[in-house]
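These are the residues of each chain, in order.
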Amino acid sequence: VEYSSWSRGELKIMLIGELARRAEVSRDTIRFYQGNGLITAGFRRAGSRFYRDYSDETLERLILIKQAKKAGFSLREVKHFFEIYGSDVETIPIEEQRNIINAKLSEIEDRLKQLKAVKNYLLEQLKEIAWKQRAAQQDVIQTKLFGVNVHASKKRGQKAMKVGIDLKNGVY
């Protein structure tokens with residue numbers, strides 16, 4: 001039985017399904033965050049069953065977690081912020097907010113440099129593969145035209161034929 005929400009005094013309480021719907025996350029995500037101490041739940045008993053209760057504050061915290069993740073912060077960083085400042089961003093001094101954002105921007109710049117280096121390496125690998133492919137095609141042409149693979153002969157230390165195809169300079 002899924003109850004959407006009810007009030008306990010001034011505090012609005014919801015079950016996991018309602019919280020998941022309103023925060024636009026899965027129930028598993030909520031359980032994961034709870035298991036890792038990012039959010040908490042109250043419990044209530046209905047008959048022989050126990051239900052987790054979540055407040056509007058938990059909803060706000062989930063939204064803040066989503067925003068922080070979107071900005072590139074890890075869950076470990078988010079948990080650290082919660083431990084220091086709670087879930088109210090307004091309690092973080094402006095200068096500290098600036099420092100946190102600048103540190104994250106610096107981290108992102110470093111990561112972009114690393115990714116650019118990886119991209120350049122992969123592009124070089126593609127060029128080398130293309131060169132090897134062209135060389136293999138040239139070897140096939142030489143074998144068909146002259147009956148001998150000139151490059152293979154050179155590799156074995158044998159004297160090259162007087163007629164062949166040089167990949168860079170053409171016919172020699």
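From a predicted model like this one, the values you see are computed outputs, not experimental measurements.

A. Looking closely at the overall build of the protein. Scanning the protein from N- to C-terminus turns up 6 helices and 6 strands. Expressed as a percentage of its 172 residues, the buried residues of the protein come to 26%. Partitioning the intrachain contacts of the protein with sequence separation of at least 6 by distance along the chain shows that 42% fall at a separation of at least 24. About 12600 Å² of surface is accessible on the protein, with carbon and sulfur atoms providing 55% of the total.

B. Layout of the pattern of salt bridges. Enumeration over the complete set of coordinates arrives at 9 salt bridges. Salt-bridge contacts for Arg22 lead to Asp56; the nearest nitrogen and oxygen are separated by 3.6 Å. Highlighted residues: Arg22 in helix H1 (residues 16-23) and Asp56 in helix H3 (residues 56-70), separated in sequence by 34 residues. For Arg22, a relative accessible area of 31% gives the class partly exposed. A salt bridge links Glu128 to Lys132; its shortest N-O distance comes to 3.3 Å. One end of the pair, Glu128, and the other, Lys132, are both in helix H5 (residues 94-146), 4 residues apart, so they sit about a helical turn from each other. For Glu128, a relative accessible area of 39% translates into the label partly exposed. Note on Lys132: relative accessible area 49%, which makes it partly exposed.

C. Geometry of the packing of H1 against H3. At a minimum axis distance of 10 Å, the contact between H1 and H3 shows a crossing angle of 40°. Of the possible angle classes, the one that applies to H1 and H3 is oblique. H1 and H3 meet at a crossing whose hand is right-handed. Facing H1, whose interface residues are Leu19, Arg22 and Ala23, H3 presents Asp56, Thr58, Leu59, Leu62 and Lys66.

D. Summary view of a negative patch on the surface. On the surface, a cluster of negative charge is contributed by Glu57, Glu60, Asp88 and Glu90. Within the secondary structure, Asp88 is located in the loop between helix H4 (75-85) and H5. Note on Asp88: relative accessible area 40%, which makes it partly exposed.

E. Representation of the packing of H3 against H4 in the model. Running from amino to carboxyl end, H3 crosses H4 at an angle of 130°, the nearest separation of the two axes being 10 Å. Judged by the inter-axis angle, H3 sits oblique to H4. Seen from above, H3 lies across H4 with right-handed handedness. In this structure, H3 contributes Arg61, Leu64, Ile65, Ala68 and Lys69 to the contact, and H4 contributes Leu75, Val78 and Phe82. Along the lines of polarity and charge, the residues of the contact of H3 with H4 split into 6 nonpolar, no polar and 2 charged.

F. Region of interest: the pairing of strand S3 (residues 42-46). Looking at chain direction, S3 and strand S4 (residues 49-55) are connected through 5 bridges and run antiparallel. Within S4, the position partnered with Arg45 by the bridge is Phe50. Between S3 and S4, which pair antiparallel and follow one another directly, the connecting turn spans 2 residues, one of which, Gly47, has a positive phi of 70°.

G. Structural context of the nonpolar core. Membership of the largest hydrophobic core comes to 24 residues, with the highest contact counts inside it found for Leu19, Ile30, Ile39, Tyr54, Leu62, Ile65 and Val78. Among the secondary structure elements, those contributing two or more residues to this core are H1, helix H2 (27-35), H3 and H4. Tallying contributions element by element places H3 first for this core, with 5 residues.

Scoring rules and cut-offs
- Residues numbered from 1 in each chain as written.
- Predicted model: local features only at pLDDT ≥ 70, side-chain atom pairs only at ≥ 80, totals over all residues.
- Heavy atoms only, no water.
- Helix = DSSP H or I, 4+ residues; strand = E, 2+ residues; numbered from the N terminus.
- Buried < 20%, exposed > 50% of the residue type's maximum accessible area, 1.4 Å probe, protein only.
- Contact = heavy atoms within 4.5 Å.
- Areas by Shrake-Rupley, 256 points an atom, 1.4 Å probe, with all protein chains shown as cover.
- Salt bridge = Lys/Arg side-chain N within 4 Å of Asp/Glu carboxyl O.
- Axes fitted to C-alpha atoms, helices over the stretch in contact; angles between N-to-C directions.
- Parallel < 35°, antiparallel > 145°, perpendicular 65-115°, else oblique.
- Left-handed = near helix turned anticlockwise from the far one by under 90°.
- Patch = residues over 30% accessible without salt bridge, like charges linked within 9 Å, V, L, I, M, F, W, Y side chains within 5 Å.
- Lys, Arg positive; Asp, Glu negative; His and termini not counted.
- Charge placed at Lys NZ, Arg CZ, Asp CG, Glu CD.
- Nonpolar A, V, L, I, M, F, W, Y, C, P; charged D, E, K, R; others polar.
- Pairing = 2+ DSSP bridges.
- Core = buried A, V, L, I, M, F, W, Y, C linked by side-chain atoms within 4.5 Å.

Function-wise, these values are silent; they only describe arrangement.
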